[in-house]
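Working through the structure, step by step
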Amino acid sequence: MDKKKILFFLISMSLSVLVAGSTYQFGILAPLAVIAMAAVGTFIVALFHNPRWAFWAYFAYCFVLGFLVKSFLNIPVGLALDAMLLLTWCSILVNMNKFNWQNIKNEHVILSTIWFVISVLEALNPYGGSLTGWFNELRFTALNWLLIAPLAFLLFNRTGDLNRFIAFILFFSCLATLYGVKQIYFGVTSGEQQWLDAGNNVTHILNGTLRVFSIYSDAGQFGASQAIVAVIAMVLAMGPFGFTKRIIFGLVALICLYGMAISGTRGALFALISGVFFALFLSKNFKILIIGGAFALSGLGVLKYTTIGNESFQVRRLRSALDPKDASFNVRLDNQKKLKFLLRDEPFGAGLGMSGMNGTTYNADKPIANIQPDSYWVKVWVMYGVVGLFIWFAINCYIIGKCSGIVWKLKDPKLKTKMIALTSGTVGCFICSYGNEIMNGMPSSVIMFMSWSFVFIAPWLDSEPKQIKTNGNDV
């Protein structure tokens, strides 16, 4: 008999005996624990055979993390996110001979490494922040970028991988909107209600209306993410694809736009506008750009200078984004003036973990940590100073510029459309982050970093038969 069959038989029998014995001794929970352990063990074996599985699990987890955090309030479920990403890299290192490591010698990986080194050096910032706060901030601000940037160059360098990535984004974004509709019409779960009662109702229930946050961390992340994905779907719907696919992309765009609206996130409007304009710019269709610009300005004019649609909560929220007298907007300006005064002698900032949630959690004794940035751009300024903000801004602009140059040179019309969609989505994410901490949260940060990497490998996909053989496809 085959050795593998004998081994499978022995393992099956052992598990059967273990499940039966534990059920007799401890009841139904024990066998469920045994089955869960067996499932985890199978998953770990599978991911070490193929590291792609680990990343797809990680990517899915990024979308549902907000839901899990609110469902298991006393369990640090966020640590599983880091564990999955580290497992992906452990699997890559175990199979390292199957990859061409020369592939990661490119600007995206190099720039993410530079930003990580700068972030690590911020631990020496003389402002005197908590090391725990620094480490927790480092995970999202720099470490994730460093670990995600090389993945497409090593693991996902085929057209099929690109298609799966886009399908993944569209599917989970639609799922998020559907869950948001559930929150509106059927209410929130007990865990979500606890989260609201803990102080989040101040920002998420306005005039008795829920700002939908769906399965994401908050309404800001949900609304902005939906706007970004709506841009991606709209570009794809205009691409050289079959009629059925274009209809599906169009429906996804409408679903995501609805999700953006019910989130009540004003900054998402700027993600949508900037993303669409950049897509038209990349397409070099300047006639449509002018016509689209005229329509966009007309729409903004209606929002700013009329009261049309004011009976709708969503329209009122979008309209307030264009009101310079808006109370929330003026609070942000006041906070920035306070921060400017506190940072006047800090060209390298106050250090990581000195702003936002980590600031109030780990550095509450510092006045600067108790001033909310209300913007990722402002948060970078607080943590890295004007010098760090300049470097960070230059890195992002260089990558976007490089992606634009790559897109313009692509010959395959379908591939070009996909890359226009992804690049425009990242521009929307970057611009929108001026108003909220979007590109530093899940799932937007992973979508952004992976999108950049996919655009960087687009020239390989444009001439796929010419790819080097050792590119991880045999894993």
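Residues numbered from 1 in each chain as written. Predicted model: local features only at pLDDT ≥ 70, side-chain atom pairs only at ≥ 80, totals over all residues. Heavy atoms only, no water.

1. With respect to the pattern of salt bridges
The criterion, for reference: Salt bridge, as used here, is a side-chain nitrogen of Lys or Arg placed within 4 Å of a carboxyl oxygen of Asp or Glu. To qualify as a helix, a DSSP run of H or I must reach at least 4 residues; to qualify as a strand, a run of E must reach at least 2; elements of each kind are numbered from the N terminus. Classification of residues uses two cut-offs on accessible area relative to the type maximum, computed with a 1.4 Å probe and protein chains only: under 20% is buried, over 50% is exposed, and between them is partly exposed.
Tallied over the full model, the rule gives eight salt bridges. With a closest N to O distance of 3.1 Å, Glu137 and Lys379 form a salt bridge. Of the two residues, Glu137 is situated in helix α6 (residues 131-148) and Lys379 in helix α17 (residues 376-409); the sequence distance between them amounts to 242 residues. In this structure, Glu137 and Lys379 share a single accessibility class: buried. One continuous salt-bridge network, built from bridges that share partners, spans Arg52, Arg158, Asp161 and Arg164.

2. Notes on the nonpolar core
To keep things clear, this is the line we draw: To qualify as a nonpolar core, a set must consist of buried Ala, Val, Leu, Ile, Met, Phe, Trp, Tyr and Cys residues joined through side-chain atoms within 4.5 Å. Whether two residues are in contact is decided by their heavy atoms, any of which lying within 4.5 Å being enough.
Core analysis: the biggest nonpolar cluster contains 116 residues, and Tyr58, Phe59, Met419 and Met450 have the highest contact counts within it. For this core, the element with the highest residue contribution is helix α10 (residues 219-237), accounting for 13 residues. Not counting residues up to four positions away in its chain, the partners in contact with Phe59 are Phe165, Phe168, Ile169, Val446 and Ile447. Grouped together as the second largest cluster of nonpolar side chains are 11 residues, Tyr127, Leu343, Val378 and Val382 included.

3. Thoughts on a nonpolar patch on the surface
Keep this limit in mind: Residues with no salt bridge and a relative accessible area higher than 30% make up the patches, which join like charges within 9 Å and nonpolar side chains (Val, Leu, Ile, Met, Phe, Trp, Tyr) within 5 Å. Under the convention used here, a 1.4 Å probe and the Shrake-Rupley method define accessible areas, while residue burial counts only the protein chains that appear.
On the surface, a cluster of nonpolar side chains totalling about 490 Å² of accessible area is made up of Ile184, Tyr185, Phe186 and Tyr258. Examining the composition of the nonpolar patch, we find that three residues originate from one element, helix α8 (residues 159-186), more than from any other. Along the chain, Ile184 falls in helix α8. Given the relative accessible area of 37%, Ile184 is considered partly exposed.

4. Observations concerning unusual backbone geometry
Geometrically, the link from Met442 to Pro443 is a cis peptide bond, its omega value of 5° lying close to zero. By the element assignment, Pro443 lies in the loop between α18 (413-432) and α19 (444-456). At Asn207, a position not held by glycine, the phi torsion is positive, near 55°.

5. Some details on α8
Our working definition: Given a helix with a known number of residues, its expected span is that number minus one, times 1.5 Å.
Given a rise of 1.5 Å per residue, 28 residues ought to cover 40 Å, and the 40 Å separating the end C-alpha atoms of α8 matches this to within 8%. In the stretch just after α8, Gly187 is the one whose phi turns positive, near 90°.

6. Some thoughts on the side chain of Ser375
Just so we agree on the cut-off: Any pair of N or O atoms that falls within 3.5 Å is considered a polar contact. Within protein, one atom must be able to donate a hydrogen and the other to accept it, and sequence-neighbouring residues count only if both atoms are side-chain atoms.
Along the chain, Ser375 falls in the loop between α16 (356-362) and α17. By relative accessible area, Ser375 is classed as buried at 3%. Here the side chain of Ser375 touches Trp377 through a polar contact of 3.2 Å, landing on its backbone nitrogen. At a separation of 2.5 Å, a polar atom in the side chain of Ser375 contacts the main-chain carbonyl oxygen of Tyr434. With residues up to four places along the chain from it excluded, the contact list for Ser375 reads Ser433, Tyr434, Gly435 and Asn436.

7. Notes on the packing of helix α5 (residues 107-121) against α6
Each pair of packed helices can be summarised by the angle the axes make with each other and by the distance between the axes. Applicable threshold: Here, axes are lines fitted to C-alpha atoms. For helices the fit covers the stretch in contact, and angles between N-to-C directions go from 0 to 180 degrees. The labels follow the angle: roughly parallel below 35 degrees, roughly antiparallel above 145, roughly perpendicular from 65 to 115, and oblique for the rest. By the definition used in this description, the sense in which the near helix is turned from the far one sets the handedness, with an anticlockwise turn below a right angle giving left-handed and a clockwise turn giving right-handed. Note on residue classes: Ala, Val, Leu, Ile, Met, Phe, Trp, Tyr, Cys and Pro are nonpolar, Asp, Glu, Lys and Arg are charged, and everything else, Gly too, is polar.
Contact pair α5 / α6: the axes reach a minimum separation of 8 Å and the direction vectors enclose 165°. Relative to α6, the element α5 lies roughly antiparallel. When the axes of α5 and α6 are compared, the crossing they make is left-handed. Contact residues: α5 offers His108, Ser112, Thr113, Trp115, Phe116, Ser119 and Val120, while α6 offers Trp134, Leu138, Thr141, Ala142, Leu143, Trp145 and Leu146. Of the residues contributing to the contact of α5 with α6, the split by class is nine nonpolar, five polar and no charged.

8. As for the environment of Arg139
For Arg139, the location among the structural elements is in helix α6. Not counting the four nearest positions on each side in its chain, Arg139 is found in contact with Gly78, Asp82 and Asn144. Within the structure, Arg139 has its side chain in polar contact with the side chain of Asn136 (distance 3.3 Å).

9. Side note on the packing of aromatic side chains
To be explicit about the condition: Note on aromatic pairs: the rings of Phe, Tyr and Trp (six-membered ring only in Trp) are paired at centre separations within 6.5 Å, and the planes decide the class, stacked below 30 degrees, edge-to-face beyond 60, tilted for the rest.
By the definition in use, this model includes 35 aromatic pairs. Between the aromatic rings of Phe59 and Phe165, the centroid separation amounts to 5.5 Å while the plane-to-plane angle is 10°, which identifies the pairing as stacked. Pair noted here: Phe59 is in helix α3 (residues 51-71) and Phe165 is in helix α8, with a separation of 106 residues, a long-range link. Just as Phe59 is buried, Phe165 falls in that class too. Consider the rings of Tyr216 and Phe222, whose centres lie 5.7 Å apart with planes at 65°: the pair is edge-to-face. You can call Tyr216 buried: its relative accessible area is 1%.

10. Some remarks on the environment of Leu333
Within the secondary structure layout, Leu333 lies in helix α15 (residues 327-342). With a relative accessible area of 31%, Leu333 lands in the partly exposed category. Along the primary structure Leu333 and Asp374 are separated by 41 residues, whereas in three dimensions their C-alpha atoms are 9.9 Å apart.

11. So, the packing of α8 against α10
Remark: α8 packs on α10, axes separated minimally by 10 Å, with the N-to-C direction vectors making an angle of 130°. Our classification of the angle between α8 and α10 gives oblique. Two packed elements cross with a definite hand, and for α8 against α10 that hand is left-handed. Seen from α8, the contacting residues are Ile166, Ile169, Leu170, Ser173, Ala176 and Thr177; seen from α10, they are Phe222, Gln226, Val229, Ala233 and Leu236.

What is shown is where atoms sit, not what they do.
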